[in-house]
Amino acid sequence: MKILIVEDEAKTGDYLKQGLSEAGFTADLVRNGLDGMHEGLSGGHDLLILDVNLPGLDGWQVLKTLRAAGRELPVLFLTARDQVEDRVKGLELGADDYLVKPFAFSELLARVRTLLRRGRVREAETLALADLELDVLKRRATRAGQRIDLTAKEFALLELFLRRPGEVLSRSFIASQVWDMNFDSDTNVVEVAIRRLRAKIDDDFTPRLIHTLRGMGYVMEIR
Amino acid sequence: MGHWRHSITLRLSLAFALLATLVFAALGAYLSRSADAHMAELDAHELFGKLALTRHVGSREPTPAALAARLNDVLIGEHGVLVAVDGEKGPIFNWPDSPLAGQLAAAAGAAGETPVRLTLVGRDYRVVAGNVQTAWGETARVVVGRDIRHHTDFLDQLQRDFWLALLAAALLTVVVGILIARHGMRPVRAIAQTAGQISAGQLAARIPETDVPPELAELVVSFNAMLGRLEESFQRLSDFSADLAHELRTPIHTLRMQTEVSLAKPRSNDEYRDLLASNLEEYERLSRMIADMLFLAKAEHGLIVPQREAIPLLELGRQLFDYYGILAESQQLVLEGDELTVRGDRLMLQRAIGNLLLNAIQHTPAGGRVALSVHSREGMAAITVSNTGPAIPETALRTIFERFIRADQGGEGSGLGLAIARSIVLAHGGNLTARSSGEITEFSLTLPLTDSQPGIGEPQPAASSQ
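Residues numbered from 1 in each chain as written. Chains lettered and ligands numbered in written order. Predicted model: local features only at pLDDT ≥ 70, side-chain atom pairs only at ≥ 80, totals over all residues.

1. Quick look at the overall build of chain B
Counting its secondary structure elements, chain B contains 13 helices and twelve strands. Across the 466 residues in chain B, those meeting the buried criterion constitute 23%. Here the analysis covers contacts within chain B between residues at least 6 apart in sequence; of these, 66% occur between residues at least 24 apart. (Helix = DSSP H or I, 4+ residues; strand = E, 2+ residues; numbered from the N terminus. Buried ≥ 20, exposed ≤ 12 C-beta atoms within 10 Å, placed from the backbone. Contact = placed C-beta atoms within 7 Å.)

2. A few points about the interface of chain B and chain A
Each partner contributes residues to the interface: chain B has 20 residues there, and chain A has 18 residues. Elements with a contribution of two residues or more to the side of chain B that touches chain A: helix 8 (269-300), helix 9 (313-324) and helix 10 (346-362) of chain B. Sorting elements by how many residues they give to the side of chain B that touches chain A places helix 8 of chain B first, with seven residues. Looking at side-chain class alone, the side of chain B that touches chain A contains ten nonpolar, six polar and four charged residues. (Nonpolar A, V, L, I, M, F, W, Y, C, P; charged D, E, K, R; others polar.)

3. Side note on the environment of Ala310 of chain B
Residues and elements named next belong to chain B. Considering the arrangement of structural elements, one finds Ala310 in strand 6 (residues 309-312). For Ala310, a count of 19 C-beta atoms within 10 Å puts it in the partly exposed group. Sequence separation between Ala310 and Thr450 is 140 residues, and the spatial gap between their C-alpha atoms is 7.9 Å.

4. Quick look at the pairing of strand 11 (residues 217-220) of chain A
Residue and element names in this part refer to chain A. Judged from the four bridges that link them, strand 10 (residues 210-213) and strand 11 form a sheet pairing that is antiparallel. Residue pairing for strand 11: His211 is matched across the bridge by Val219. From the end of strand 10 to the start of strand 11, which pair antiparallel, there are three residues, and Gly215 there has a positive phi angle of about 80 degrees. (Pairing = 2+ DSSP bridges.)

5. Looking at the sheet that holds strand 6 (residues 126-129) of chain A
Residues and elements named next belong to chain A. Within the open sheet, the four strands sit side by side as 6-7-8-9. Their pairing is antiparallel. Edge strands, defined here as strands with exactly one partner in the open sheet, are strand 6 and strand 9 (146-148). Sheet twist, expressed as the average angle between the axes of neighbouring strands with direction ignored, equals 20 degrees. Relative to strand 9, strand 8 (residues 140-143) is paired through three bridges, and the arrangement is antiparallel. (Axes fitted to C-alpha atoms, helices over the stretch in contact; angles between N-to-C directions.)

6. Brief notes about unusual backbone geometry
All names here are of chain A. Cis geometry is found at the peptide bond from Lys101 to Pro102, where omega equals -5 degrees. Here Pro102 shows up in the loop between strand 5 (97-100) and helix 5 (105-117). Looking along the chain, the bond that leaves Thr206 and enters Pro207 is cis, with omega of -5 degrees.

7. Considering the confidence of the model for chain B
In regions of low pLDDT, the predicted coordinates are not meant to be interpreted in detail. Residues and elements named next belong to chain B. With 94% of its residues at a pLDDT of at least 70, chain B reaches an overall mean of 84. This model gives residues 452-466 a pLDDT under 50, and the stretch forms 21 contacts once residues within four places in sequence are excluded. The complex prediction reports pTM at 0.61, with the ipTM value standing at 0.74. (pLDDT = per-residue confidence, 0-100.)

8. Structural notes on the packing of helix 6 (residues 152-163) of chain A against helix 7 (residues 171-179) of chain A
Residues and elements named next belong to chain A. For the pair helix 6 and helix 7, interaxial distance at closest approach is 9 Å and the crossing angle is 125 degrees. Classed by the angle they form, the pair helix 6 and helix 7 counts as oblique. For the pair helix 6 and helix 7, the crossing hand works out as right-handed. Together, Lys153, Ala156, Leu157 and Leu160 of helix 6 and Ile174, Gln177, Val178 and Trp179 of helix 7 make up the contact between the two elements. (Parallel < 35°, antiparallel > 145°, perpendicular 65-115°, else oblique. Left-handed = near helix turned anticlockwise from the far one by under 90°.)

9. So, the sheet that holds strand 1 (residues 2-6) of chain A
Residue and element names in this part refer to chain A. Read across the open sheet, the five strands follow the order 2-1-3-4-5; overall the sheet is parallel. With partners counted over all chains shown, the strands left at the sheet margins are strand 2 (26-30) and strand 5, one partner each. This sheet shows a mean twist of 20 degrees between the axes of neighbouring strands, independent of strand direction. Of the strand pairs in this sheet, strand 1 and strand 2 are connected by five bridges, and their pairing is parallel. The residue bridging Val6 from the neighbouring strand is Val30, located in strand 2. Of the strands in this sheet, strand 1, strand 3 (47-51) and strand 4 (75-79) touch helix 3 (residues 59-68), which is tilted by about 150 degrees from strand 3. Packed on one face of the sheet, helix 5 meets strand 1, strand 3, strand 4 and strand 5 and runs near 175 degrees to strand 5.

10. Some points on the nonpolar core
Within the largest apolar cluster, 95 residues are counted, with the highest numbers of intra-cluster contacts made by Ile49 and Leu50 of chain A together with Leu357 and Ala381 of chain B. The leading source of residues in this core is helix 10 of chain B, at nine residues. Non-local contacts of Ile49 of chain A, meaning those with residues more than four positions away in its chain, are made with Ile3, Ile5, Leu16, Leu76 and Leu78 of chain A. Counting residues in hydrophobic clusters, the runner-up holds 25 residues, among them Phe93, Ala140, Val142 and Ile148 of chain B. (Core = buried A, V, L, I, M, F, W, Y, C linked by C-beta atoms within 7 Å.)

11. Details of the environment of Thr187 of chain A
Looking at the element boundaries, Thr187 of chain A is found in the loop between helix 7 and helix 8 (189-201). Residue classification places Thr187 of chain A among the buried positions, given that 23 C-beta atoms sit within 10 Å. With 16 residues separating them along the chain, Thr187 of chain A and Arg171 of chain A place their C-alpha atoms 9.6 Å apart. With residues near it in sequence (within four places) discarded, Thr187 of chain A still touches Leu327 and Leu358 of chain B.

Structure follows, in structure tokens:
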């Protein structure tokens with residue numbers, strides 16, 4: 001998967017590129033709107049991460065030109081201003097998602113994966129990792145063949161992890177996906193919920209599947 | 001140009017001058033007419049005297065010659081008077097003995113005993129005429145004229161003098177008017193001067209309300225009231241800046257300390273990882289605080305415009321209980337009330353009520369009870385979040401919605417949650433109050449109900465989209 005990053009802030013751009021490369025993507029970085037437009041038009045990228053505030057040709061113009069030229073790649077725009085008009089404008093111009101700076105890198109990664117996955121993969125009806133299995137239709141979870149009783153929210157949380165194995169999920173992303181709480185609040189609700197889920201699916205089994213990445217969030221994988 | 005058009009001083013002075021000129025002119029016209037009438041009366045008196053005299057003499061003297069001689073005697077020394085007596089066969093007597101009297105008699109025409117004015121050889125005369133029955137049995141016509149030049153000269157002079165006086169008076173009024181208006185505007189200039197001296201640093205200054213004329217008192221009072229409001233918001237702003245600096249300095253200080261200490265000597269990878277993770281947590285807190293501050297700043301300037309979709313409140317309560325309930329391991333949670341729907345911003349109301357709920361759960365001791373109830377009261381939806389636990393002191397309750405105020409010293413959280421809840425509720429046209437007594441602390445929030453009937457399952461698209 002090739003991702004094009006258009007970002008004029010040197011440090012941000014470099015770390016975006018490094019982070020995305022280390023997450024397994026091929027990332028190209030350009031530092032102004034004109035180069036961004038040329039790279040975007042030349043094709044070959046699967047996703048565009050576009051800073052709105054660029055010198056010269058700004059992000060909106062880049063986006064407009066690309067869409068006018070019929071380039072349909074998903075676009076995630078980054079803005080420093082949390083203004084409703086900005087968001088609406090971006091989405092109207094044909095962007096697919098946005099993030100307001102400062103954002104968590106794990107959040108960006110989650111959005112990027114969602115955008116790349118969109119319309120491509122049919123959601124599986126049974127999910128599995130190691131000996132943990134989840135039947136989404138029958139709402140049933142088993143580990144090592146043992147039936148595990150989960151509440152609705154615990155089930156949703158586990159399903160989220162299983163659909164994104166190996167991805168770091170931030171607390172706010174989890175809160176938004178599982179509980180539809182779309183604001184950043186300073187609580188440890190997610191922490192407690194994960195502790196409870198672990199008690200049911202992880203504590204009595206090996207290997208452990210849910211891992212805490214301090215300061216970043218949680219990841220489900222076989223280590 | 002613009003300056004003059006709007007100058008109150010000039011406008012007032014011109015208005016004074018115009019008014020004075022009009023009054024003087026009217027007065028002048030009246031006086032001139034009176035003088036004219038008075039002169040006419042004097043002239044008439046004299047004319048009637050001469051007419052009577054001539055008739056008297058005419059009815060006594062036996063012959064025309066005797067009449068003429070007698071009249072000559074009587075009129076000796078009279079200047080400016082013309083007398084003509086015409087008999088049936090021609091002129092009997094003319095005074096003075098010049099063609100002028102004859103011309104006057106001819107010009108008098110049908111004049112009678114009412115004085116008329118006529119002009120003869122460039123001179124103005126007032127004229128009366130009448131008949132006399134002479135002693136010799138003839139009806140003679142008597143015409144008496146009076147040269148009124150000295151009267152008209154006098155009136156003309158009077159009028160000329162008057163217009164000059166009027167012009168002088170008008171100019172004088174303008175000048176005096178400007179001086180008076182300037183003087184009258186002095187309190188206004190004094191106010192302007194005081195206002196001009198007030199800067200952000202000395203908003204405590206006030207314009208004295210005592211020695212101001214009553215017309216300006218209202219202006220001064222409202223101006224002072226405005227200063228009061230400005231002073232208050234400035235005070236709040238500077239308190240706020242100080243708080244903000246303090247709140248930001250603490251985490252940055254921590255970050256700096258731990259980074260410096262860690263870099264002071266080589267450490268293991270795990271230690272570095274720990275440091276970075278700890279830093280990350282602080283960064284997250286900082287950016288959340290900045291986002292919250294921005295939200296509050298925008299709310300204060302009325303820039304928070306909630307979307308208006310139908311929000312079923314009990315459903316929102318259930319969703320919040322689902323989430324925050326996870327934290328209430330040893331407390332009892334109760335959700336009760338009527339299914340009411342308000343129009344509002346889902347995200348914001350979720351946040352506002354969520355903050356109240358979180359606050360309640362955090363302050364409820366184990367075994368306690370947290371309740372969220374939804375009722376309709378006086379046309380508003382009343383949402384109450386209550387919890388059992390030690391009461392909040394009255395003094396703390398007063399400032400509980402201020403930024404960075406934490407009722408329990410050293411409590412967790414940014415100290416912005418309740419301030420945010422309040423600004424969201426206010427932006428929705430509602431109200432948020434807190435009270436605490438005995439063992440119960442209660443946050444009451446009101447929101448305007450939707451226009452439609454409350455409580456009856458509303459067929460709103462947003463309500464069924466969950």
